[in-house]
Protein chains: 6
Amino acid sequence: MANEAPRPFRYPVPELGALPEDIRARILAVQEKAGFVPNVFLLLARRPEEFRAFVAYHDALMEKREGLTAAEREMIVVAVSAAHSCQYCVVAHGAILRVRAKDPQVADLVATNYRKAGLLPRQRAMLDYALKVATQSHLVGDEDHQALAQAGFTEDEAWDIGAIAAFFSMSNRLANATDLRPNPEFHMLGRR
Amino acid sequence: MANEAPRPFRYPVPELGALPEDIRARILAVQEKAGFVPNVFLLLARRPEEFRAFVAYHDALMEKREGLTAAEREMIVVAVSAAHSCQYCVVAHGAILRVRAKDPQVADLVATNYRKAGLLPRQRAMLDYALKVATQSHLVGDEDHQALAQAGFTEDEAWDIGAIAAFFSMSNRLANATDLRPNPEFHMLGRR
Amino acid sequence: MANEAPRPFRYPVPELGALPEDIRARILAVQEKAGFVPNVFLLLARRPEEFRAFVAYHDALMEKREGLTAAEREMIVVAVSAAHSCQYCVVAHGAILRVRAKDPQVADLVATNYRKAGLLPRQRAMLDYALKVATQSHLVGDEDHQALAQAGFTEDEAWDIGAIAAFFSMSNRLANATDLRPNPEFHMLGRR
Amino acid sequence: MANEAPRPFRYPVPELGALPEDIRARILAVQEKAGFVPNVFLLLARRPEEFRAFVAYHDALMEKREGLTAAEREMIVVAVSAAHSCQYCVVAHGAILRVRAKDPQVADLVATNYRKAGLLPRQRAMLDYALKVATQSHLVGDEDHQALAQAGFTEDEAWDIGAIAAFFSMSNRLANATDLRPNPEFHMLGRR
Amino acid sequence: MANEAPRPFRYPVPELGALPEDIRARILAVQEKAGFVPNVFLLLARRPEEFRAFVAYHDALMEKREGLTAAEREMIVVAVSAAHSCQYCVVAHGAILRVRAKDPQVADLVATNYRKAGLLPRQRAMLDYALKVATQSHLVGDEDHQALAQAGFTEDEAWDIGAIAAFFSMSNRLANATDLRPNPEFHMLGRR
Amino acid sequence: MANEAPRPFRYPVPELGALPEDIRARILAVQEKAGFVPNVFLLLARRPEEFRAFVAYHDALMEKREGLTAAEREMIVVAVSAAHSCQYCVVAHGAILRVRAKDPQVADLVATNYRKAGLLPRQRAMLDYALKVATQSHLVGDEDHQALAQAGFTEDEAWDIGAIAAFFSMSNRLANATDLRPNPEFHMLGRR
């Protein structure tokens, strides 16, 4: 269907061997776990300081295990990334959502329209807030925080939802500006 | 992940046995071919006259084999349906696109952002026009038709692209207004 | 005022004599009743199968006489077509609305801003729903269907409102993509 | 069709006899000429100073006879007012446009979509600029003024186009905020 | 930082000596009071009739001292002008707001996001209405006027809020279309 | 003018003494340099890991001295933050821009409308790209990168512009979601 040998992104792919030791180690660890190197790591490796800050920020928000579940965190990522038409993030985090939620269909449903994805009221409230932060943050006010509280979220969980929505608003833009493409492997992950 | 037994749509599901003969026959034929009854058929069966007109219109545009290929027609459907956040249409026609294009990834890429899906210039021009018809038709003008001509499309192919975009602008709205959900079977079709 | 001999649409006008018998018969019947051939019939005649499906679909939604009145159905068409800046549909169906409502001013008021057209609360609710289906269908939810129920609409009437809004979302796009112009006769119909 | 005795606007209608002499005189003069008192005069009479400034500003822009023709000035008003969904201004100035252009159809065409109204290239350029001033004035730049110059407009005509678009952006908002309704007489003016 | 000698606006600057007496007098009076001639006066002087109408209208709305305070009126101007990205109006009226409110920070806060400017509930309601008139006037309805009444505004104050929002919707467009630049003096006014 | 004791943000202010040593040290260093503690540091201190990642990312992009100048980097921040109506970021980084550009007016001009701020063509191209990344990143394509190249930017500078736009798209959302208010001191910085 496609007419171009798919480049993973707009910038040259760095040589693994030429990267700083800590970055190469991180990349090899991901490769060992996933079976392939997600393109985002190769993209950011061009900028070691930015790579380290990005990964640290990502892990602080996404690897945390109090409050929101791992699947809920990925659900936020997929819904926010779809609102920004970010191909890499929807496909890659759609895969992670399928795995974490042990649900082969939820990612496609959330990516297309989270309001019609049959989610729990708590999850619907979570995504309503996340999407408002992602697309109209200047309108966020007390009523939005009250809605989260009524859905059972603590102040710290509200922070997490907003921070994940904000962080992926950044990474969606980085991916879109650099034409970052999803690795083919992501499409099938978690579908069985 | 979900808290509701997933209803296929907002209206009651009609009894197959109570449907007019021609409609039941069409539904059974689809079931035989696909292995399941796509929910859109059950939804529209509530209204036999609308069912017949919808199916006739659909087939006139989508089963035609001159000009645009079958895969190109489905590509238009997926891109337009994504622009309207139509869950049923993106998932169901995403499956058909995978099958017709023999490409397990193209549907996810087109649904998220057709501009970054590595398409041929001809296909990019086709989708630029289809999306303009779907989302800003009052701005369509000579320059858009000239762009199609330069990409090699005939006047009749231009009609087809616009008509498919228009027809699915209708069916996306029908699906969204009735909460039509995709059958689970669609998610895996054509992924291998 | 104008500098072009007004073409009725972007495509060549077909010869009546060369059309399939059923299509010519339908066109002649309309001409007999209206005194002229509305341009949309000449446009669609280029594609006989699409002509038949379009007309059958249109009649199933617009000629029905249970539930919504004929004037209410046209009111939906005018409001939806104005939202899509469809010249042909606003002018032609504005004329039909004037005739069916026996009100020479309502069409101009609904076309410009149905919210300020002095309509009954029931009609206002009907158009609020129709416009949401036409312009933001992905946001339609239970609350919209409840609002219709509170305004006294049955489930079947809700379907009709949504289906008319969806059908004309299609035909507005067809008209806009093909530069379909209204026949001059429509402008004065129903004004006395 | 309507359920309310149509009030001409949200505020009480002032007594003609209680108005300052100059304002009453102006209103009577308009009544003599038109055969009725356009509602906008009654609305603004509540505020004599604003009435005088509004009328003086309006006349400076709309009664001027160098440069743009009277019909072109009204064409701008109709297109801008349609973009703001201003019922009073579209209906009232649509009538004046029909009279000044001696064209019974142009107002309906311009109100729905000026891009498809068969206008002269000069008029199309004029309305493209007017609409950009009305709806995206922060993006107006050198290229827009160059396009006007290429279409043959002088610097003073460019000012007039922009100023008329700006003035009616104000009066559309006044009318919308006060629910100003068009007098029934406007609907038929200039249609024969 | 800038590469151009800053022109005050797109049109030639008129000679003070060549202006009609009343206009020159008004300009000199402003200069005497402010210490400089705000560019808007020089711009409008090109068109004496429009100058007089503009100033009369402005003064009727902005110099009035019943109802809204002087600071509240300027607050409306700043919020509306920011919504239209009008550089001249935000900077010039920001200065006047600082002076009238005796608050060196309020203008920057209102210009960026009045919802987060720590305003009184009355002022928030005032600006919610003003912004709806400025950006979505076709949606203004009874509920908006009821909200103003609940916040303690009379019908005449509601008129003032709407009229100021409408007037500056005009003057923002005039400034944007003519590239009117703020005088450097405005930036520091009222900051101590 | 304001009715609330201004809280610096929605969450409780942490005790400096209770913070991890490295974070307290960083805050004290900033305070020493600026004379006050910018509220963003107190906000993020609630989350030490996120604080560290945020500051590291910020410094990697904003303290870099090859390619873009310090003033240009701040210009991007102000323009992007204004597009997101982020009060904290516009006021705080507006101050830094004034200082770094040694220009007391540029920040107000860029915040209101960078297109009319009298910038160099190179800076205009830089901000056009930054704003497209910030507000429509899914449309960024080859033509945008070519425009940067024609304006003299290298591939690495293009990355910096995009990355700064993306990073502040995140921090604007964090500030908006937490009601982060600018310190009063920022308003006057760099105005003399």
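## Focus on the interface of chain E and chain D
Logical step 1: In this assembly, 44 residues from chain E lie in contact with 44 residues from chain D.
Logical step 2: Interface area for chain E against chain D, summed over the two sides, is near 3,800 Å², with a carbon-plus-sulfur share of 57%.
Logical step 3: Where chain E touches chain D, the interface holds eight salt bridges.
Logical step 4: Across the salt bridge formed by aspartate 156 of chain E and arginine 46 of chain D, the nearest N and O atoms sit 3.2 Å from each other.
Logical step 5: The tally of links between chain E and chain D comes to 26 residue pairs in polar contact (both at pLDDT 80 or more).
Logical step 6: Those elements that place two or more of their residues in the side of chain E that touches chain D are α2 (39-44), α3 (48-62), α7 (121-136), α8 (142-150) and α9 (155-177) of chain E.
Logical step 7: Among the elements that take part in the side of chain E that touches chain D, α9 of chain E stands out by supplying 15 residues, more than any other.
Logical step 8: Each residue belonging to the side of chain E that touches chain D can be placed in one class, and the counts come to 22 nonpolar, ten polar and twelve charged.

## Digging into the domain arrangement of chain A
Residue and element names in this part refer to chain A.
Logical step 1: The domain boundaries assigned to chain A delineate domain 1 (16-62) and domain 2 (70-188).
Logical step 2: The straight-line distance from the C-alpha centre of domain 1 to that of domain 2 is 22 Å.
Logical step 3: With eleven residues of domain 1 in contact, the opposing surface of domain 2 contributes 20 residues.
Logical step 4: Together, the buried faces of domain 1 and domain 2 total about 1,300 Å²; carbon and sulfur atoms form 74% of this surface.
Logical step 5: Its largest share of buried area at the contact with domain 2, domain 1 owes to Phe36, Leu61 and Met62, together 48% of the area lost on that side.
Logical step 6: The tally of links between domain 1 and domain 2 comes to zero salt bridges.

## Thoughts on the packing of aromatic side chains
Logical step 1: Applying the stated criterion to the full structure yields 42 aromatic pairs over all chains.
Logical step 2: Between phenylalanine 167 of chain B and phenylalanine 168 of chain B the ring centres are 5.2 Å apart and the planes differ by 80°, which places this aromatic pair in the edge-to-face class.
Logical step 3: The exposure class assigned to phenylalanine 167 of chain B is buried, which follows from its relative accessible area of 0%.
Logical step 4: Ring geometry for tyrosine 11 of chain D and tryptophan 159 of chain E: centres 5.1 Å apart, planes at 75°, overall edge-to-face. Taken as a pair, tyrosine 11 of chain D in the segment before α1 (21-34) and tryptophan 159 of chain E in helix α9 lie in two separate chains rather than in one.

## Re the relation of the copies chain F and chain E
Logical step 1: For the pair chain F and chain E, the superposition axis carries a translation of 0.0 Å, the fit reaches an RMSD of 0.0 Å, and the rotation angle comes to 180°. Here the two chains are linked by the operation of a two-fold rotation axis.
Logical step 2: Both copies contact each other with a shared surface, as 100% of the interface residues of chain F are interface residues in chain E too.

## Considerations on the confidence of the model for chain A
Do not read the predicted coordinates in detail wherever pLDDT is low.
Logical step 1: Confidence in the prediction for chain A averages 96 pLDDT; 97% of positions are at 70 or higher.
Logical step 2: The ipTM, which scores confidence in the relative placement of chains, is 0.96 for this predicted complex, and the corresponding pTM is 0.97.

## Focus on the arrangement of the chains
Logical step 1: Spatially, chain A is disjoint from chain D: no contact exists, and the shortest C-alpha separation is 20 Å.
Logical step 2: No part of chain B reaches chain E; the closest C-alpha pair between them is 20 Å apart.

## Describing the UniProt feature "domain: Carboxymuconolactone decarboxylase-like" (unreviewed entry) in chain A
Logical step 1: Under the present numbering, the feature "domain: Carboxymuconolactone decarboxylase-like" (unreviewed entry) in UniProt falls on residues 48-130 of chain A.
Logical step 2: Between the C-alpha atoms that bound residues 48-130 of chain A there is a distance of 29 Å. The span itself is 75% helix and 0% strand.

## A look at the side chain of asparagine 183 of chain F
Residues and elements named next belong to chain F.
Logical step 1: Note that asparagine 183 resides in the segment after α9 (155-177).
Logical step 2: The class of asparagine 183 is buried, set by a relative accessible area of 5%.
Logical step 3: Residues in contact with asparagine 183, not counting those within four places in the same chain, are Phe36, Val37, Pro38, Asn39 and Tyr88.

## With respect to the interface of chain F and chain E
Logical step 1: The partner chain E presents 35 residues to the 35 residues of chain F that form the contact.
Logical step 2: Buried surface at the junction of chain F and chain E, summed over both partners, amounts to about 3,100 Å²; 55% is from carbon and sulfur atoms.
Logical step 3: Across the chain F-chain E interface, the total number found is two salt bridges.
Logical step 4: The shortest N-O distance in the salt bridge between aspartate 179 of chain F and lysine 116 of chain E comes to 2.4 Å.

## Some words on helix α1 (residues 21-34) of chain C
All names here are of chain C.
Logical step 1: Along its 14 residues, α1 runs 20 Å from first to last C-alpha, staying within 8% of the 20 Å computed at 1.5 Å per residue.
Logical step 2: Among the residues of α1, those classed as buried are Ile23, Ile27 and Val30. All buried residues of α1 project into a common sector of 60° when viewed along the axis, lining one side. Set apart from the buried face of α1 by more than 90 degrees, the exposed residues are Glu21, Glu32 and Lys33.
Logical step 3: Where the residues of α1 are buried, they touch α2 (39-44) and α3 (48-62).
Logical step 4: Downstream of α1 by a residue or two, glycine 35 has a phi angle that is positive, lying close to 95°.

## A few points about the relation of the copies chain E and chain D
Logical step 1: The two copies are related by a screw operation: chain E maps onto chain D through 180° of rotation and 0.0 Å of translation along the axis, at an RMSD of 0.0 Å.
Logical step 2: A shared binding surface is used by both copies, with 100% of the interface residues of chain E retained as interface residues in chain D.

## With respect to unusual backbone geometry
Logical step 1: The residue lysine 102 of chain E is not glycine, and still its phi comes out positive at about 50°.
Logical step 2: Within the fold, lysine 102 of chain E resides in the loop between α5 (87-101) and α6 (106-113).
Logical step 3: Not every positive phi belongs to a glycine, and aspartate 179 of chain F is a case in point at roughly 55°.
Logical step 4: Among the secondary structure elements, aspartate 179 of chain F is positioned in the segment after α9.
Logical step 5: For aspartate 179 of chain F, a relative accessible area of 22% gives the class partly exposed.

Basis of the calculations
- Here the residue index of a chain counts from 1 through its sequence in written order.
- Whichever chain is written first is A, and whichever ligand is written first is 1; the rest continue in order.
- Totals for whole chains, interfaces and linings use every residue, but because this is a predicted model, local features are given only for residues with pLDDT of at least 70 and side-chain atom pairs only at 80 or more, for both listing and counting.
- Think of the side-chain values as coming from all heavy atoms in the structure, minus any hydrogens and water.
- We call two residues in contact whenever any of their non-hydrogen atoms come within 4.5 Å of each other.
- Buried surface area refers to the total accessible area, computed with a probe of radius 1.4 Å, that the two partners give up upon joining, counted for both partners together.
- Within this document, salt bridges are pairs made up of a side-chain nitrogen of Lys or Arg and a carboxyl oxygen of Asp or Glu, the two lying within 4 Å of each other.
- As used in this structure description, the phrase polar contact means that two N or O atoms lie within 3.5 Å; if the pair is within protein, one of them must be able to donate a hydrogen and the other to accept it, and residues adjacent in sequence are counted only when both atoms belong to side chains.
- By definition, any uninterrupted DSSP run of H or I lasting at least four residues is a helix, any uninterrupted run of E lasting at least two residues is a strand, and each is numbered from the N terminus.
- Three classes are used, and their members are as follows: Ala, Val, Leu, Ile, Met, Phe, Trp, Tyr, Cys and Pro are nonpolar, Asp, Glu, Lys and Arg are charged, and the others, Gly among them, are polar.
- Residue ranges for the domains originate in an automatic or database domain assignment.
- Pairing of aromatic side chains requires ring centres within 6.5 Å, counting the rings of Phe and Tyr and the six-membered ring of Trp. Pairs whose planes differ by under 30 degrees are stacked, by over 60 edge-to-face, and all others tilted.
- Each residue is assigned to one of three classes by its accessible area relative to the maximum for its type, calculated with a 1.4 Å probe on protein chains only: buried under 20%, partly exposed between the two thresholds, exposed over 50%.
- Here the copies are matched by least squares. The fit uses the C-alpha atoms of residues with pLDDT of at least 70 in both.
- Scored between 0 and 100, pLDDT is the confidence that the predictor attaches to each residue.
- UniProt positions are given in the numbering used here, feature names are shortened, and annotations may be inferred rather than shown by experiment.
- A helix is expected to span 1.5 Å multiplied by its residue count minus one.
- Note: the arc covers the axis-to-C-beta directions of the helix.

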